[in-house]
Amino acid sequence: MFNDFEGFKRIKNNNNLTIEGIYELLEQYQKDMGEMKINSNLGVKTIIVKLSGKYDAEIKIQGKQIIIERFLEEGMIADKAPSVEEGKNIEMAQADRMIDQISELLQDYMKNGKIKEHITSSKMTLKMEQKEKKIAKIFSAGSYFEFKDINNKVVYEAVDKPLNKLYSIKNTSNKMEVVSVSYEKIDNDIITIQEKPFRITDIKLDKSSVKTRFISLGNDRKIKISADYTDNHYTIELSDIVIGAIDCLDPQIKKEYRIEVNDKTNINLVIAAAVLIDQYIELTTVSETN
C-alpha cells in the first residue's frame, strides 16, 4: 500500500533501486530541487536534499520501500503544527510540493524505466491581490485582480465582466487580453479557460478526490490543479509536469495570493488558474449560503 501524506511519501521499490541509483536519477535536477549528498550513518545510506527555505528532504530505503520525508534543518526553530484555519507556512508548502515531485518522478520511473514527470522549480514570482472597483470612490462596481512582480509593478490585471460571466486578463504593458476565465458553467462545477486566440479548456471539480482538485475535460491536453488539505496551497500541472503553484497569503479572507511560475511559456495558464481557484471558492461559498 502507498502512504500519501504531505511531507512524507512511501514508494514501492519495484525496480530494486539502490541509494546510488536514486541519486543518479535525481542528480540532473539539483538546480531545481537543491543540492544533494549521500550520508552514511552506521552503515545506512540516505540522500539529503537541501530544499529552499529551512526544510530539507531525506530519501532512504527501508526493505522494499523508498521513503521520502521532510525535516527541519539543524538549528532551525520548529513550527507549530499547521491548523486548517491558519494553514501551512509557505516554506513548508514549498518543501511538500518538491517532495511530491520527487515521489512522482520515482513512481514514473518504476513503471517502465523512463521519466516523463520531470522536476521543475519556480522561475518567477507574482503577488495576486483582489481589489474592489469603486464609483466616485464610494459605490462598489465589482472586483478585479492585480498581479505584481517582485518590483511591485502591476504586470497583469483581471477584470470581472458580470454580464459575460467571465474575468478578462490583460497584460498591462500592451493592454491586450491574453486569457479569460469564464464562470458561466459554475453551477455544473465547471470553469472555462480561454487562451488567446482560440484554445478553450473546461476545468471541472474532481469529486472523486479527497482533496480539492480540478481536472481538464476533453483530450486536448491534461491540466490538473491540486490543493493541500487546507485548501490554501495549490500545484498546477500540465501533462504531469508542474508549471506553477499558488499559495494563499491570508487564509481567513482569501484575497491575497503568492504565485510561482515554473514555466514562463505557460504563465497565462498559471495566472488563469489562480483566478479560477479564487472564483470557484468565492462563488461556491456564496451559492452554499443562499
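Structure first, text after, so check above.
Owing to the predicted nature of the structure, the values given are computational and were not obtained by experimental measurement.

Caption draft 1: Up close: the side chain of Thr235. Positionally, Thr235 belongs in strand E16 (residues 233-238). When near neighbours in sequence (up to four residues on either side) are disregarded, Thr235 contacts Arg97, Lys224, Ile225, Ser226, Val242, Gly244 and Ala245.

Caption draft 2: Fine view of helix H1 (residues 19-26). For H1, the buried fraction is high: 6 of the 8 residues fall into the buried class. Those residues of H1 lying buried are Ile19, Gly21, Ile22, Tyr23, Leu25 and Leu26. Considering only its buried residues, H1 is in contact with helix H2 (30-33), strand E3 (36-41), strand E4 (44-49), strand E5 (55-62), strand E6 (65-72) and helix H3 (90-112).

Caption draft 3: Just H3, in detail. Along its 23 residues, H3 runs 34 Å from first to last C-alpha, staying within 8% of the 33 Å computed at 1.5 Å per residue. Between the side-chain oxygen of the N-cap and the backbone nitrogen of Glu91 there are 3.2 Å, and the N-cap of H3 in question is Asn89. Following H3 by one or two positions, Gly113 has its phi on the positive side, about 80°.

Caption draft 4: Representation of a positive patch on the surface. A surface patch of positive charge is lined by Lys133, Lys161, Lys170 and Lys175. Take Lys175: its relative accessible area is 60%, and that puts it in the exposed class.

Caption draft 5: Just the nonpolar core, in detail. Counting 42 residues, the largest nonpolar core has Phe147, Ile169, Phe214, Ile225 and Leu276 as the members making the most contacts within it. For this core, the leading source of residues is helix H4 (residues 267-289), giving 11 residues. Once you skip the residues sitting within four places of it in the chain, Ile225 turns out to touch Ile203, Thr212, Arg213, Phe214, Tyr234, Thr235, Ile236, Ala273, Leu276 and Ile277. By size, the runner-up hydrophobic cluster in this structure holds 29 residues, among which are Val49, Tyr55, Ala57 and Ile102.

Caption draft 6: A look at the pairing of E16. Buried residues dominate E16, accounting for 6 of its 6 residues. Residue alternation in E16 divides its side chains into two sets, His233, Thr235 and Glu237 and Tyr234, Ile236 and Leu238, and both sets are buried. Inspection of the sheet shows strand E15 (residues 223-227) paired to E16 by 5 bridges, in the antiparallel sense. Considered in E16, the bridge of Lys224 is made with Glu237. Bridge count for E16 against strand E17 (residues 241-248) is 6 bridges, and the pairing is antiparallel. Following the sheet pairing, Ile236 is matched in E17 by Gly244. Counted along the chain from E16 to the antiparallel partner E17, the turn is 2 residues long, and its residue Ser239 has a positive phi close to 50°.

Caption draft 7: Examining the pattern of salt bridges more closely. Tallied over the full model, the rule gives 18 salt bridges. In this structure, the salt-bridge partner of Lys45 is Glu20, at a minimum N-O distance of 2.6 Å. Of the two residues, Lys45 is situated in strand E4 and Glu20 in helix H1; the sequence distance between them amounts to 25 residues. According to the relative accessible area criterion, Lys45 is partly exposed, its value standing at 39%. The partner of Asp247 in a salt bridge is Arg97, with the nearest N and O atoms 2.9 Å apart.

Caption draft 8: Molecular detail of the packing of aromatic side chains. Scanning all chains against the criterion turns up 3 aromatic pairs. Here the aromatic rings of Phe145 and Tyr167 are separated by 5.4 Å at their centres, their planes lie at 50°, and the arrangement is tilted. With Phe145 in strand E8 (residues 139-148) and Tyr167 in strand E10 (residues 166-171), this pair connects stretches of sequence that are 22 residues apart. Note on Tyr167: relative accessible area 1%, which makes it buried. Taken together, a centroid distance of 6.3 Å and an interplanar angle of 55° make the contact between Tyr167 and Tyr183 tilted. With Tyr167 in strand E10 and Tyr183 in the loop between strand E11 (176-182) and strand E12 (190-195), the pair connects residues that are 16 residues apart, well separated along the chain. In this structure, Tyr167 and Tyr183 share a single accessibility class: buried. Taken together, the ring pairs connect Phe145, Tyr167 and Tyr183 into an aromatic cluster. Over the ring of Tyr55 we find Arg70; its NZ or CZ atom is 5.6 Å from the centre of that ring.

Parameters at a glance
Residues numbered from 1 in each chain as written. Predicted model: local features only at pLDDT ≥ 70, side-chain atom pairs only at ≥ 80, totals over all residues. Heavy atoms only, no water. Helix = DSSP H or I, 4+ residues; strand = E, 2+ residues; numbered from the N terminus. Contact = heavy atoms within 4.5 Å. Buried < 20%, exposed > 50% of the residue type's maximum accessible area, 1.4 Å probe, protein only. Expected span 1.5 Å × (residues − 1). Polar contact = N/O pair within 3.5 Å; in protein donor to acceptor, adjacent residues only side chain to side chain. Patch = residues over 30% accessible without salt bridge, like charges linked within 9 Å, V, L, I, M, F, W, Y side chains within 5 Å. Areas by Shrake-Rupley, 256 points an atom, 1.4 Å probe, with all protein chains shown as cover. Salt bridge = Lys/Arg side-chain N within 4 Å of Asp/Glu carboxyl O. Lys, Arg positive; Asp, Glu negative; His and termini not counted. Charge placed at Lys NZ, Arg CZ, Asp CG, Glu CD. Core = buried A, V, L, I, M, F, W, Y, C linked by side-chain atoms within 4.5 Å. Pairing = 2+ DSSP bridges. Phe/Tyr/Trp six-rings, centres within 6.5 Å; stacked < 30°, edge-to-face > 60°. Lys NZ or Arg CZ within 6 Å of the ring centre and 35° of its normal.

These results come straight from atomic positions and should not be treated as a statement about function.
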